[in-house]
Amino acid sequence: MLFVATSLLAVSCKKDTTVKLTGTQWVGNVTIGEFNGSYYMSFLTDSTGKMDVSLRGGGEDEYFTHPFTYTFDGKETGVLKVGDGMADTFHYSAENSTITLFLSPEEAEELTVSSIVFYKK
């Protein structure tokens, strides 16, 4: 009887480790050729967000805002889709407070980077 009570107590005291991205903001930087890119990712709801992109270099500055949709397992893995583009996977690391966005092979070839690491703002 004591064993059963101890087991139930241990199970009922487990901490909920579900992560919510809603309301968080993240920043990532990459160099693409002669351009320095700054990416600001905001998770607006539990399935939508926006990505602000600033590209500087080559005598030009360009700014874009792209809405995105996403799914997230609440632990570490998700899929993010910007506009009509490819669906890219991402990995959330609570330990490092990072999100690593893995680009599709087509996007990676075009941008010459295979992933972008975002840090919590």
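Residues numbered from 1 in each chain as written. Predicted model: local features only at pLDDT ≥ 70, side-chain atom pairs only at ≥ 80, totals over all residues. Heavy atoms only, no water.

Colleague: Which parts of the structure should I look at to understand the environment of L44?
Modeller: For L44, the location among the structural elements is in the loop between β2 (35-43) and β3 (48-57). A sequence separation of 20 residues divides L44 from T24, and the C-alpha atoms of the two residues are 7.7 Å apart. Contacts of L44, omitting those with residues within four sequence positions, involve T22, G49 and K50. (Helix = DSSP H or I, 4+ residues; strand = E, 2+ residues; numbered from the N terminus. Contact = heavy atoms within 4.5 Å.)

Colleague: It is not clear to me how the nonpolar core should be interpreted in this structure. Could you clarify?
Modeller: Generally speaking, nonpolar side chains in soluble globular proteins are found buried as a group. L21, M41, M51, I99 and F118 are the most contacted members of the largest nonpolar core, which totals 23 residues. Of all elements in the fold, only β1 (25-32), β2, β3, β4 (60-72), β6 (87-93), β7 (98-102) and β8 (115-120) reach the threshold of two or more residues within this core. Setting aside its immediate chain neighbours within four residues, M51 contacts Y39, Y40, M41, F64, T65, H66, F68, L80, V82, L101 and F118. (Core = buried A, V, L, I, M, F, W, Y, C linked by side-chain atoms within 4.5 Å. Buried < 20%, exposed > 50% of the residue type's maximum accessible area, 1.4 Å probe, protein only.)

Colleague: When you look at the pairing of β7 in this model, what are you seeing that I'm missing?
Modeller: The side chains of a regular strand alternate between the sheet's two faces. Burial of β7 is extensive: 4 of the 5 residues sit out of reach of the surface. Of the strand pairs in this sheet, β6 and β7 are connected by 5 bridges, and their pairing is antiparallel. In the sheet register, F90 faces β7, and the bridge partner there is L101. What sits between β6 and β7 in their antiparallel hairpin is a turn of 4 residues, with S97 showing a positive phi close to 50 degrees. By the bridge criterion, 5 bridges tie β7 to β8 in an arrangement that is antiparallel. Residue pairing in the sheet places L101 in a bridge with I116 of β8. (Pairing = 2+ DSSP bridges.)

Colleague: Explanation requested: unusual backbone geometry in the structure shown.
Modeller: Negative phi values dominate among residues other than glycine, just as trans dominates among peptide bonds. Of note, the phi angle at S97 is positive, near 50 degrees, even though the residue is not glycine. You can see S97 is positioned in the loop between β6 and β7. Of note, T112 is a non-glycine position whose phi angle comes to about 65 degrees, a positive value. Turning to its location among the elements, T112 is positioned in the loop between α2 (105-111) and β8.

Colleague: Teacher, can you tell me more about the pattern of salt bridges here?
Modeller: Side-chain pairs of opposite charge can arise whenever the charged atoms involved come near each other. Tallied over the entire structure, the rule returns 1 salt bridge. D52 is paired through a salt bridge with K50; the nearest N and O atoms lie 3.6 Å apart. Residue classification places D52 among the partly exposed positions, given a relative accessible area of 21%. (Salt bridge = Lys/Arg side-chain N within 4 Å of Asp/Glu carboxyl O.)

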